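Examining the three-dimensional arrangement
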2 protein chains.
Amino acid sequence: MRSETKDKIAELATELVQQVGYPSLSYQQISSQLGMKNAAVHYHFPSKEDLGLDVVRRDHELFTKFTTSLEGQSAEEKLDAFLTSYQQLLENGNRICMIGASASDYKQLPDSIRQEATTYLSEVKDWFTRLLENGKADGVFQYKGSAAGKAALITSALAGALQHARLIGNDHYLAVVAQLKLELKP
Amino acid sequence: MRSETKDKIAELATELVQQVGYPSLSYQQISSQLGMKNAAVHYHFPSKEDLGLDVVRRDHELFTKFTTSLEGQSAEEKLDAFLTSYQQLLENGNRICMIGASASDYKQLPDSIRQEATTYLSEVKDWFTRLLENGKADGVFQYKGSAAGKAALITSALAGALQHARLIGNDHYLAVVAQLKLELKP
DNA sequence: AAATTTACTTACTAGTTAGTAAGTTTTGCA
DNA sequence: TGCAAAACTTACTAACTAGTAAGTAAATTT
């Protein structure tokens, strides 16, 4: 029962959060960009917390649907699909990932959004852990230590690489991805 | 010829940038926290751009002094010293590194600050590259691919790990560090 | 001792922020 | 057709933002 307008607001807000962060997300910018008034945005999202929470929730749901759609595919295909989705953020306005944005805005986030972001990151890390375990079992991935440790490294490296790419260019992200894949190769 | 007050402002501003980011850094918060008036801060740093630029410059200088002080030490000692300095950010108010903060605030930064942050990150990456080259030559480090690629991975992983630690706890940073060191061991 | 510079305070501006209350238009349903 | 609910607009508030102009006190220099 979500209205079209509400979806459009949330989509634009998502883009803005990934570009300028939650604190700099403003009702004015959203309303003017969508050709409506301030109060219209407040009608759909009474408080900024409501809006921010919906933005993170939607991105979380997107991730869940994304991984579900990948079920049945090989570990390598899953990894590539994830890496490509991150690369699209980069090419589409130098955005950073929602989790990275939430983490750097952390001190300014209401508790509800913090909790949602924490759950989100945990699930991404778990997904990567299983991916690495299965990939190793199938002989397509290789790494030292635990799958959880390697998953922690990979998730943080990708989030950091998206951000650093803003400063020193998109090639940085590609270099990090290439290094990660090289190290995973048996 | 830097006054004490100016240093105190810059130090507090550094802490605030690493906690809440450049856009949320406010003259009011600084002045009230230092027991002075708004205009007093503007006396030392006429514009916010001046203040923000000085903050990044100072952190950059700190890094340069830090690496200079480590000259002569072994590659392992240098790496450990760097990792410890990052861990102190975490333990001292869950700060993130200046480069990571600059990268996530990138879209809101004036050009001068962007450029300074870009140079800063390039130098950190170069420092890591040389560290890895020397460590490999000395037989204390091991890795696949180029030193530059591995340096890109490590710098982004550490920046991302500091941020993710805010969401899922400081152990995440320690896990990433442990994984990195494990993989470097010959 | 006088003049000048440094380091502020007081008091203000113009613009932006999230948020609200009340009124109006549009839409879907009975 | 008429009613009700949904989706808005208008008009506003209180708080905050960076930044400025003018005045003051203290330190430094001449």
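**Points about the overall build of chain A**
Helix and strand counts for chain A stand at nine helices and zero strands. Over its C-alpha atoms chain A spans a radius of gyration of 18 Å, differing by no more than 12% from the 16 Å that the globule rule assigns to 186 residues. Taken along its principal axes, the extent of the C-alpha atoms in chain A is 55 × 35 × 30 Å. The burial tally for chain A puts 52% of its 186 residues in the buried class. Look at the contacts in chain A between residues 6 or more apart in sequence, and 67% of them connect residues 24 or more apart. Only carbon and sulfur atoms are counted for the fraction: they give 48% of the accessible area of chain A, which is about 8200 Å². Charge separation in chain A, taken as the distance between the mean sites of 20 positive and 23 negative side-chain charges, equals 3 Å.

**Here's the deal with the relation of the copies chain A and chain B**
At an RMSD of 0.0 Å, chain A and chain B line up after a rotation of 180 degrees and a shift of 0.0 Å along the axis. The two molecules are tied by a two-fold rotation axis, judged by turn and shift. No C-alpha of chain A lies nearer the rotation axis than that of Ala-157 of chain A, which sits 1.8 Å from it.

**What to know about the interface of chain A and chain B**
Each side of the interface is counted separately: chain A has 46 residues, and chain B has 46 residues. Taken together, both faces of the contact between chain A and chain B bury some 3900 Å²; the carbon and sulfur share is 61%. Contact with chain B buries area across many residues of chain A, yet Lys-107, Lys-144 and Leu-167 of chain A alone supply 18% of it, more than any other trio. One can count two salt bridges joining chain A with chain B. Ionic pairing is found between Glu-183 of chain A and Lys-150 of chain B, a salt bridge with its closest N-O pair at 2.8 Å. For the side of chain A that touches chain B, the secondary structure elements donating two or more residues are α1 (4–20), α6 (98–104), α7 (111–137), α8 (147–168) and α9 (171–184) of chain A. The greatest single-element share of the side of chain A that touches chain B, amounting to 15 residues, is contributed by α8 of chain A.

**Quick notes on the protein's contact with DNA strand D**
Lining the immediate environment of DNA strand D, one finds 17 residues, of which Thr-5 and Tyr-43 of chain A together with Leu-25, Gln-28 and Lys-48 of chain B sit closest. At 2.9 Å from a phosphate oxygen of DNA strand D is found a side-chain nitrogen or oxygen belonging to Thr-5 of chain A. One nitrogen or oxygen atom from the side chain of His-42 of chain B is found 3.3 Å from a base nitrogen belonging to DNA strand D. Here the surface near DNA strand D gets four residues from one element, more than from any other, and that element is helix α3 (residues 38–44) of chain A. Residue composition of the surface near DNA strand D, grouped by class: eight nonpolar, seven polar and two charged.

**Observations regarding the packing of helix α5 (residues 75–91) of chain B against helix α7 (residues 111–137) of chain B**
All names here are of chain B. The contact between α5 and α7 brings their axes to 9 Å, and the two run at 145 degrees. Where α5 crosses over α7, the two elements pack in a sense that is left-handed. Along the contact surface, α5 presents Ala-75, Lys-78, Leu-79 and Phe-82, while α7 presents Val-124, Trp-127, Phe-128, Leu-131 and Gly-135. Of the residues in the contact of α5 with α7, the class split is seven nonpolar, one polar and one charged.

**Focus: the packing of helix α4 (residues 48–70) of chain A against helix α5 (residues 75–91) of chain A**
Residue and element names in this part refer to chain A. Remark: α4 packs on α5, axes separated minimally by 10 Å, with the N-to-C direction vectors making an angle of 150 degrees. Read as a crossing pair, α4 and α5 show a hand that is right-handed. Across the interface between the two elements, Phe-63, Phe-66 and Leu-70 from α4 touch Lys-78, Ala-81, Phe-82 and Ser-85 from α5. Partitioning the contact of α4 with α5 into residue classes produces five nonpolar, one polar and one charged.

**Focus: the protein's contact with DNA strand C**
Close to DNA strand C lie 17 residues; Leu-25, Gln-28 and Lys-48 of chain A together with Thr-5 and Tyr-43 of chain B are nearest. Restricting the count to atoms of DNA strand C within 4 Å of the protein gives a sugar and phosphate share of 68%. Measuring from a phosphate oxygen of DNA strand C, one finds a backbone N or O atom of Lys-48 of chain A at 2.6 Å. Contact distances for DNA strand C include 3.2 Å between a phosphate oxygen and a side-chain N or O atom of Tyr-43 of chain B. With four residues, helix α3 (residues 38–44) of chain B is the largest single contributor of residues to the surface near DNA strand C. Of the residues contributing to the surface near DNA strand C, the split by class is eight nonpolar, seven polar and two charged.

**Focus on α5 of chain A**
Residues and elements named next belong to chain A. Here α5 spans 25 Å end to end across 17 residues, near enough to the 24 Å set by a 1.5 Å rise per residue. Of the positions making up α5, those classed as buried are Ala-75, Lys-78, Leu-79, Phe-82, Leu-83, Tyr-86, Leu-89 and Leu-90. One side of α5 carries all its buried residues, which in axial view fall inside an arc of 130 degrees. Taken together, the buried residues of α5 touch α1, α4, α7, α8 and α9. Trailing α5 by a residue or two, Gly-93 shows a phi angle of about 90 degrees, which is positive.

**So, the side chain of His-164 of chain B**
With respect to the secondary-structure elements, His-164 of chain B resides in helix α8 (residues 147–168). In this structure His-164 of chain B comes out as buried when scored by relative accessible area, which is 2%. When near neighbours in sequence (up to four residues on either side) are disregarded, His-164 of chain B contacts Ile-99, Ala-103, Leu-121, Thr-155, Ser-156 and Ala-159 of chain A together with Gly-169 and His-172 of chain B.

So, how was this worked out
Residues numbered from 1 in each chain as written. Chains lettered and ligands numbered in written order. Predicted model: local features only at pLDDT ≥ 70, side-chain atom pairs only at ≥ 80, totals over all residues. Heavy atoms only, no water. Helix = DSSP H or I, 4+ residues; strand = E, 2+ residues; numbered from the N terminus. Rg over C-alpha atoms; globule rule 2.2 N^0.38 Å. Buried < 20%, exposed > 50% of the residue type's maximum accessible area, 1.4 Å probe, protein only. Contact = heavy atoms within 4.5 Å. Areas by Shrake-Rupley, 256 points an atom, 1.4 Å probe, with all protein chains shown as cover. Lys, Arg positive; Asp, Glu negative; His and termini not counted. Charge placed at Lys NZ, Arg CZ, Asp CG, Glu CD. Least-squares fit on C-alpha atoms with pLDDT ≥ 70 in both. Buried area = accessible area lost by both parts, 1.4 Å probe. Salt bridge = Lys/Arg side-chain N within 4 Å of Asp/Glu carboxyl O. Near = heavy atom within 4 Å. Polar contact = N/O pair within 3.5 Å; in protein donor to acceptor, adjacent residues only side chain to side chain. Nonpolar A, V, L, I, M, F, W, Y, C, P; charged D, E, K, R; others polar. Axes fitted to C-alpha atoms, helices over the stretch in contact; angles between N-to-C directions. Left-handed = near helix turned anticlockwise from the far one by under 90°. Expected span 1.5 Å × (residues − 1). Arc of directions from axis to C-beta.

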